[in-house]
Amino acid sequence: MASATTLYDIELKPILYSYWRSSCSWRVRIALNLKEIPYDIKPISLIKSGGEQHCNEYREVNPMEQVPALQIDGHTLIESLAIMHYLEETRPQRPLLPQDVHKRAKVREICEIICSGIQPLQNLIVLIHVGEEKKKEWAQHWITRGFRAVEKVLSTSAGKYCVGDEITMADCCLVPQVFNARRFHVDLRPYPIILRIDRELESNPAFRAAHPSNQPDCPPELPNK
């Protein structure tokens, strides 16, 4: 008798629509790697030809005209946090949320600070609107404001990682945001816990494989490529 079809059987390999330097795409790449889910990347350039995310074909994939989007189990999912929660619920092995209810809330809290309170305010579409002359100052202001909050939360939640001693979704969100902070030359010395966790994770294979410099669409001329 044939076994029942499961979510895992619907699609051989997920497809991640990703841009090499997109922190939202990066979070999902880390989560997929940590859960050891094989996937293919379909690069979407946010700058080529005015941005491939705005073309009609991709708008059918993601009506927000942003990355990432993940095609998995016969579905197309958008928004990085929604994708990570789906992965957690359908692939509970190698969990990215703690069992403890309070710790789970702290993970979500840190994710929301970064994904709602920091990253969107220094996203490409916002920086274009702000203008070339002011974009660095703008990005620094919002990253600094958000990192003050993250550092305060981490002072009571962190162990080896953001929440305790196990890697969670919060770590998936933190590392790309530290990269963005460095990109905009934010002074990170006031955030020793953030820096310690980032250093702890930089050699982790799942994080290293998800790094922008290791993506198929990373420009070959960039340093450390």
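Residues numbered from 1 in each chain as written. Predicted model: local features only at pLDDT ≥ 70, side-chain atom pairs only at ≥ 80, totals over all residues. Heavy atoms only, no water.

In its Pathway (unreviewed entry) section, UniProt records this for the chain: "Amino-acid degradation; L-phenylalanine degradation; acetoacetate and fumarate from L-phenylalanine: step 5/6." (UniProt positions renumbered as here; feature names shortened; annotations may be inferred.)

A. Broad picture of the packing of aromatic side chains. All told, the structure shown has five aromatic pairs when counted by the stated rule. Residues tyrosine 17 and tyrosine 58 carry aromatic rings whose centres are separated by 5.6 Å and whose planes lie at 50 degrees to one another, so their mutual orientation is tilted. Note that tyrosine 17 is positioned in strand β1 (residues 15-18) and tyrosine 58 in helix α3 (residues 56-61), a separation of 41 residues in sequence. Both residues of the pair, tyrosine 17 and tyrosine 58, count as buried. Centroid distance phenylalanine 147 to tyrosine 191: 5.7 Å. Interplanar angle 75 degrees. Geometry classified as edge-to-face. Note that phenylalanine 147 is positioned in helix α7 (residues 135-157) and tyrosine 191 in the loop between α8 (169-183) and α9 (192-201), a separation of 44 residues in sequence. (Phe/Tyr/Trp six-rings, centres within 6.5 Å; stacked < 30°, edge-to-face > 60°. Helix = DSSP H or I, 4+ residues; strand = E, 2+ residues; numbered from the N terminus. Buried < 20%, exposed > 50% of the residue type's maximum accessible area, 1.4 Å probe, protein only.)

B. Representation of unusual backbone geometry in the model. Residue proline 68 is bonded to the preceding valine 67 through a cis peptide linkage, with omega at 10 degrees. Here proline 68 is to be found in the loop between α3 and β3 (69-72). Although it is not a glycine, serine 49 adopts a positive phi angle of roughly 55 degrees. With a phi angle near 55 degrees, histidine 185 is a residue other than glycine that sits in the positive phi range. Relative to the elements of secondary structure, histidine 185 occurs in the loop between α8 and α9.

C. Seen up close, the side chain of glutamine 122. Structurally, glutamine 122 can be placed in the loop between α5 (101-117) and α6 (124-130). Classification of glutamine 122 by relative accessible area gives buried; the value is 5%. At a separation of 3.4 Å, a polar atom in the side chain of glutamine 122 contacts the side chain of asparagine 180. Other than its neighbours up to four places away in sequence, glutamine 122 contacts Leu127, Ala139, Ile143, Gln177, Asn180 and Phe184. (Polar contact = N/O pair within 3.5 Å; in protein donor to acceptor, adjacent residues only side chain to side chain. Contact = heavy atoms within 4.5 Å.)

D. Summary view of the pattern of salt bridges. Throughout the structure, instances matching the rule amount to 11 salt bridges. A salt bridge links lysine 48 to glutamate 52; the nearest nitrogen and oxygen atoms lie 3.9 Å apart. A relative accessible area of 25% means that glutamate 52 is categorised as partly exposed. (Salt bridge = Lys/Arg side-chain N within 4 Å of Asp/Glu carboxyl O.)

E. Main features of the sheet that holds β1. The strand order across the open sheet formed by four strands is β2-β1-β3-β4, and the pairing between neighbours is mixed. Here the strands that pair on one side only, and so sit at the sheet edges, are β2 (40-43) and β4 (75-78). If you compare each strand with its neighbour and ignore which way they point, the axes differ by 20 degrees on average. Direction of pairing for β1 relative to β2: parallel, over a ladder of four bridges. Across the sheet, serine 18 pairs through a bridge with proline 43, a residue of β2. Its contacts with the sheet place helix α2 (residues 23-34) against β1, β2 and β3, and it is angled at close to 150 degrees to β1. On top of the sheet, helix α4 (residues 80-90) reaches β3 and β4; it is set at about 130 degrees to β4, its chief contact. (Pairing = 2+ DSSP bridges. Axes fitted to C-alpha atoms, helices over the stretch in contact; angles between N-to-C directions.)

F. Representation of the confidence of the model for the chain within the structure. Residues with a pLDDT of 70 or more make up 94% of the chain, whose mean pLDDT is 93. Contacts of residues 1-5 to residues separated by more than four positions or lying in other chains number two contacts, the stretch itself having pLDDT below 50. (pLDDT = per-residue confidence, 0-100.)

G. The packing of α5 against α8, seen in detail. Between α5 and α8, the least distance of the axes is 8 Å, while the angle of their chain directions is 25 degrees. Taken together, the axes of α5 and α8 are roughly parallel relative to one another. Our pair here, α5 against α8, has a crossing hand that is left-handed. Here α5 contributes Val107, Ile110, Cys111, Ile114 and Cys115 to the contact with α8, which in turn contributes Met169, Ala170, Cys173, Leu174 and Gln177. (Parallel < 35°, antiparallel > 145°, perpendicular 65-115°, else oblique. Left-handed = near helix turned anticlockwise from the far one by under 90°.)

H. Spotlight on a nonpolar patch on the surface. A cluster of nonpolar side chains, contributed by Ile47, Leu124 and Ile128, occupies part of the molecular surface with about 300 Å² of accessible area. For isoleucine 128, the position within the fold is in helix α6. Judged by relative accessible area, isoleucine 128 falls into the exposed class, the value being 61%. (Patch = residues over 30% accessible without salt bridge, like charges linked within 9 Å, V, L, I, M, F, W, Y side chains within 5 Å. Areas by Shrake-Rupley, 256 points an atom, 1.4 Å probe, with all protein chains shown as cover.)

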